[in-house]
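Here's the letter readout for the chains.
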Amino acid sequence: MTTTRTAALRRIATIVALGGLVVALTACSGSTGGGTLTQAAGQSASSAGRSAGSDAAGGSTAAGATTSSAAPKPVAVVTASPAFGTDDLAPTAPVSVSVASGTISDLTMTNPDGKQVSGALSADHTSWTLGEPLGYGKQYDVTGTAVGTDGRSVPITGSFTTVTPVDQITTSISPGDGAVVGVAAPVIVHLGYEPADKALIEQHVKITTEPAVEGAWAWIRHDGDKWPSLDWRPKDYWPANTKVHVESDIYGLPFGDGYFGGDNVTSDFTIGRNQVVLADANSHQIVVQQDGQTVATYDASYGSGDLIGDPNRVTRSGIHVVTDMQETTKMSNPAYGYTNVTEHWAVRISDNGEFIHQNQGTVDDQGVVNVSHGCINLSAANAEAYFKTAMIGDPVEVTGTSVQLSPADGDIYDWTYSWDQWKALSAA
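Rules behind the numbers
Residues numbered from 1 in each chain as written. Predicted model: local features only at pLDDT ≥ 70, side-chain atom pairs only at ≥ 80, totals over all residues. Heavy atoms only, no water. Helix = DSSP H or I, 4+ residues; strand = E, 2+ residues; numbered from the N terminus. Contact = heavy atoms within 4.5 Å. Areas by Shrake-Rupley, 256 points an atom, 1.4 Å probe, with all protein chains shown as cover. Pairing = 2+ DSSP bridges. Axes fitted to C-alpha atoms, helices over the stretch in contact; angles between N-to-C directions. Buried < 20%, exposed > 50% of the residue type's maximum accessible area, 1.4 Å probe, protein only. Arc of directions from axis to C-beta. Core = buried A, V, L, I, M, F, W, Y, C linked by side-chain atoms within 4.5 Å. Salt bridge = Lys/Arg side-chain N within 4 Å of Asp/Glu carboxyl O.

> Can you tell me about the overall build of the protein chain, naming the residues and giving the values?
A count of helical and extended segments in the protein chain gives six helices and 28 strands. The long-range fraction of contacts in the protein chain, counting pairs at least 24 apart against all pairs at least 6 apart in sequence, stands at 62%. For the protein chain, the exposed area adds up to about 21500 Å²; of that, 51% sits on carbon and sulfur atoms.

> Account for the sheet that holds strand β6 (residues 127–130), with residues named and values stated.
Think of a sheet as strands paired side by side through backbone hydrogen bonds, with each pair either parallel or antiparallel. Taken together, the four strands give an open sheet; going across it, the order is β1-β2-β6-β5, and neighbouring strands pair in antiparallel fashion. Looking at strand neighbours, the two that pair on one side only are β1 (77–81) and β5 (119–121), the edges of this open sheet. Across the sheet, the mean angle separating the axes of adjacent strands is 15° when strand polarity is ignored. Two strands pair when backbone bridges link them, and β5 and β6 are joined in this way by three bridges, in the antiparallel orientation. The partner of Ala120 across the bridge, within β6, is Thr129.

> How would you sum up helix α5 (residues 380–387)? Please name residues and give values.
Those residues of α5 lying buried are Ala383, Tyr386 and Phe387. In an axial view of α5, the angular spread of the buried residues amounts to 100°, which keeps them on one side of the axis.

> I'd like a description of the nonpolar core, backed by residues and values.
In summary, soluble globular proteins display a tendency toward joint burial of nonpolar side chains. Membership of the largest hydrophobic core comes to 26 residues, with the highest contact counts inside it found for Val187, Val189, Ile201, Ile207, Trp217, Trp238 and Val246. Mapped by element, the contributors of at least two residues to this core are β12 (187–191), α3 (198–203), β13 (205–210), β14 (215–220), β15 (229–234), β16 (243–248) and β19 (265–271). Apart from the residues within four sequence positions on either side, Val246 is in contact with Ile173, Val187, Lys206, Ile207, Trp217, Val265, Thr266, Ser267 and Phe269. Among the nonpolar cores identified, the runner-up in size contains 22 residues, and Ile356, Ala383, Tyr386 and Val398 belong to it.

> Outline the environment of Ala296, supporting the account with residue identities and numerical values.
Residue placement: Ala296 occurs in strand β22 (residues 293–299). Measuring from C-alpha to C-alpha, the distance between Ala296 and Ile286 comes to 8.3 Å, with ten residues separating the pair along the chain.

> Lay out the pattern of salt bridges in plain terms, naming residues and giving numbers.
Applying the stated criterion across every chain, the model contains seven salt bridges. Between Arg316 and Asp409 there is a salt bridge, with the nearest N and O atoms lying 3.2 Å from each other. You can see Arg316 sitting in the loop between α4 (305–308) and β23 (318–321) and its partner Asp409 sitting in the loop between β28 (395–399) and α6 (419–423), a full 93 residues away along the chain. Here Arg316 falls in the buried class, since its relative accessible area comes to 12%.

Take a look at the structure:
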């Protein structure tokens, strides 16, 4: 073999060996992770791709490659309203927990003492609703389980914290439990604070009557009260013997400025017989009627203000309401020269000092002329007789004088408003 032939054969062997090495390197460099693909001379891109990874028909992955996939998330989604973690919840605010793409299998809310709070699942078990008022300044924990439509469980866990009020507002109701009152008695719900949202409070004060009686609520500021009260009066006088139930359900309601409603209060009372006093200053008498029939007529003397030009001595015209009764009392009016004068059979009809009462010093004027400082004077016998028929809540309709009863004259002036005016005082 010549030297030239020998060298040629060596070059061919080297080329073949190098070609095999390139093919081997190409096979080892294949990867499903996006590595660089080395293509051997004479090999197409598509065939190189097939040799590097799985083919479209599901061929095997190249040696050494790995695959991974995260487990799918559960499909059930739990939502609380208000959101878990709320720390200023009003005790009577609605609370619910709901699940989308699933149902609630169990749920419990507990107070700080571990006592379970009542609540109810919906018929389809997709929501739970709180069923009772909560306490002030407490944390309530919620635990439970939801099951998704995929059959997988999701824990329910969270808490709510109720507001701590600056103070709790309490109410009182007049007439009180067991009272029997006259046909003009308004219902007065006394509040210890003026609410920012009067309509909200009004919606939570309710009255039920037997028989049904047309009436309305109004916001009234009574004599001496810092805050307005919520009064209810019928359109016309109460029917005799009406039974009345009043509820003040303001617990948990916001009054504004950090104040919230305190304990709920109720009152059950009865309207008595129908008695109305017709008091005409020009007739110098009072007429007592029951069920529209006159049962007594008494000579009287009214305030002399219209005669002497002193409005402070005018008996106010309008519908007064009996608010107090004293067999013996002391009366004073230093501006007119008397203090702690003893009087008997005194029936108060307004807070401006108007009474129907005995005054033996004006007996000769009674039935003839008006000489009092504004009260309605009767003789001892007549005053006692009237006193024994009177009742708190009776109307006394004064007519024939120049000055009308108004808010400036006392604590109960509810009947000075027309029905339309009265209804306009409601906030609802």
